[in-house]
Amino acid sequence: MTELSGKVQTVLGPLDPDLLGRTMTHEHLTMTFDCCYRPPPTPGGDLDPEDSVVLDQADPFEMKHMFWLQQNPYGHRANLDLGREGDAVREELLAYRRAGGGAVVENTTTGIDRDLEALRRLSRDTGVHVVGGAGFYVDCTHTEATRGMTVEQLTDVIVGEVLHGADGTDIRCGVIGEIGTSWPITDSEKKVLRATARAQAQLGCPVIIHPGRDSAAPAEVVRILQEAGGDIGKTVMSHLDRTIFDHGELLEFAKQGCYLEYDLFGTEMLNYPFNLAVDMPSDSQRVQTLAFLVKEGYEDRILVAQDIHTKHRLTKYGGHGYSHILKNIVPKMLTRGFSQSQVDKVLIENPKRWLTFK
Ligand SMILES: CC(=O)NCCS(=O)(=O)O
């Protein structure tokens, strides 16, 4: 289809897919998540204000705050700024390589401060292959200029980011996404989805979607992409661990044929701040769901990641870091009945197939 056919496109240029190695398909190395700030709940009952667990916004990161940050990651603005952690992320990526990691897909798109120059530096400094993301995040980050564009214009922007480079650089994106959608999907997001599908049809490239926080959202996104000519077999549905909980519903969705991504490994919280009706699964429950999907015949469709997008999850701040899956989840999978070849599919073969341009 293009000169990228049969290759993976990293921020350092086209790559032989066999060189990728173990790949986290949904991470952020630098981004801002300020758009998703949620004020923390105020303590009720008889709590003395002196003992309040609500952090002052000016408070620095301290050990005594880490449990609070795990429970309220979006309630502290400093935690949402992953853009100034270059040195810590570089150290983490070196540790990721030592743990056997080869590549990460960096899903930061327009709206949450994509920084392709930083990704290129990090990749050069660490030897980790980094794939950058084209396109737009959720509606609340769309500018008036974005909202004003036609589907054709949006398609041109996305195609240009893959073929020529994004944000005024010559650094070319290797996936479209994460394309952000809310629930219900807004008009501006629908246009971006249609443009994504058209760009994918032209380029034969991988696509990755951030669905809205409702169990009906993934199927609705797939419907819109399909109608606009997208290639569902080359599309990832992210964040399924906070979106579809019922196993029957999950199997129904899996039949659509996209990749099924469990990418919030390392996130353990009592109340999911974006949807209090949701009981966020633990890592053990995530592994159980993956085992269920394997039993149902979907081992060629599963992808995993940690989707690090806040500071408290970096090892610098006591978090699990980018190596969590390799160091802790893989051994757990092997004790829960996964074969080494199934683990290799999830970490190596499935990402490679998805990321290779048609
Ligand atoms: C960066 C990003 O969009 N992460 C997903 C957070 S969510 O809570 O799963 O929506």
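Please read all numbers here as calculations on a predicted model, not as lab measurements. (Residues numbered from 1 in each chain as written. Predicted model: local features only at pLDDT ≥ 70, side-chain atom pairs only at ≥ 80, totals over all residues. Heavy atoms only, no water.)

Undergrad: What's the story with the overall build of the protein chain in this structure? I'm lost.
TA: When helices and strands are counted, the protein chain shows 11 helices and 10 strands. The C-alpha atoms of the protein chain give 19 Å as radius of gyration, which agrees with the globular expectation for 358 residues (21 Å, within 12%). When the backbone C-alpha atoms are referred to their principal axes, the protein chain occupies close to 65 × 50 × 45 Å. Within the protein chain, the proportion of its 358 residues that are buried is 56%. Within the protein chain, contacts between residues separated by at least 24 positions form 76% of all contacts whose residues are at least 6 apart in sequence. Accessible surface, the protein chain as shown: approximately 14,300 Å² in total, 49% of it carbon and sulfur. A distance of 5 Å separates the average location of the 37 positive side-chain charges in the protein chain from that of its 51 negative side-chain charges. (Helix = DSSP H or I, 4+ residues; strand = E, 2+ residues; numbered from the N terminus. Rg over C-alpha atoms; globule rule 2.2 N^0.38 Å. Buried < 20%, exposed > 50% of the residue type's maximum accessible area, 1.4 Å probe, protein only. Contact = heavy atoms within 4.5 Å. Areas by Shrake-Rupley, 256 points an atom, 1.4 Å probe, with all protein chains shown as cover. Lys, Arg positive; Asp, Glu negative; His and termini not counted. Charge placed at Lys NZ, Arg CZ, Asp CG, Glu CD.)

Undergrad: How should the pairing of strand S6 (residues 175-180) be read in this particular structure?
TA: Consecutive side chains of a regular strand alternate in pointing toward one face of the sheet and then the other. Of all 6 residues that make up S6, 6 are buried, and the element is covered over most of its length. One ladder, built from 2 bridges, connects strand S5 (residues 129-134) with S6; its direction is parallel. In the strand pairing of S6, Gly133 is matched with Val175. Judged from the 3 bridges that link them, S6 and strand S7 (residues 207-210) form a sheet pairing that is parallel. Paired with Gly180 across the two strands is His210, which belongs to S7. Handedness of the β-α-β unit built from S6, helix H6 (residues 187-203) and S7 comes out right-handed. (Pairing = 2+ DSSP bridges. Right-handed = clockwise from strand over helix to strand, strands pointing away.)

Undergrad: Honestly, the confidence of the model for the protein chain in this entry has me stumped. Any pointers?
TA: Segments scoring low in pLDDT should not have their predicted coordinates read at a detailed level. Per-residue confidence for the protein chain averages 95 on the pLDDT scale, and 95% of its residues sit at or above 70. S7 holds the highest mean pLDDT among the elements of the protein chain, 99, whereas helix H1 (residues 66-71) holds the lowest, 91. Interface scoring of the predicted complex returns ipTM 0.98; its pTM is 0.96. (pLDDT = per-residue confidence, 0-100.)

Undergrad: What am I meant to see in unusual backbone geometry here?
TA: Excluding glycine, residues mostly carry a negative phi; peptide bonds, for their part, are mostly trans. The omega torsion across Gly177 and Glu178 is 15°, close enough to zero to call that bond cis. Here Glu178 lies in strand S6. Omega for the bond connecting Trp183 with Pro184 falls within 30 degrees of zero, at -5°, which places this linkage in the cis form. Its location among the elements puts Pro184 in the loop between S6 and H6. Located in the positive-phi region is Asp113, a residue other than glycine, with phi close to 65°. In the Ramachandran plot, His239 falls in the positive-phi region, its phi being about 55° despite a non-glycine side chain. With respect to the helices and strands, the residue His239 is situated in the loop between strand S8 (235-237) and helix H8 (247-254).

Undergrad: Which parts of the structure should I look at to understand the pattern of salt bridges?
TA: A pair can form between side chains of opposite charge whenever their charged atoms are brought close. The final tally for this structure, using the stated rule, is 26 salt bridges. The shortest N-O distance in the salt bridge between Lys352 and Asp18 comes to 2.8 Å. Of this pair, Lys352 sits in helix H11 (residues 340-355) while Asp18 sits in the loop between strand S2 (13-15) and strand S3 (22-27); the two residues are 334 residues apart in sequence, bridging distant segments of the chain. Arg286 is paired through a salt bridge with Asp283; the nearest N and O atoms lie 2.7 Å apart. Taken together, the residues span about one helical turn, with Arg286 and Asp283 both in helix H9 (residues 283-295) at a distance of 3 residues. (Salt bridge = Lys/Arg side-chain N within 4 Å of Asp/Glu carboxyl O.)

Undergrad: What exactly am I supposed to notice about the site of the ligand here?
TA: By nearness alone, 14 residues border the ligand, and Tyr137, Arg213, Arg242, Tyr272 and Asp307 come closest of all. Interatomic distance of 2.5 Å between a side-chain N/O atom of Tyr137 and an oxygen atom of the ligand. In the environment of the ligand, an oxygen atom lies 2.8 Å from a nitrogen or oxygen atom belonging to the side chain of Arg213. Protein burial of the ligand: of its 310 Å² of free accessible surface, 99% is covered by the chains. The residue inventory of the shell around the ligand, partitioned by class, reads 6 nonpolar, 4 polar and 4 charged. (Near = heavy atom within 4 Å. Polar contact = N/O pair within 3.5 Å; in protein donor to acceptor, adjacent residues only side chain to side chain. Nonpolar A, V, L, I, M, F, W, Y, C, P; charged D, E, K, R; others polar.)

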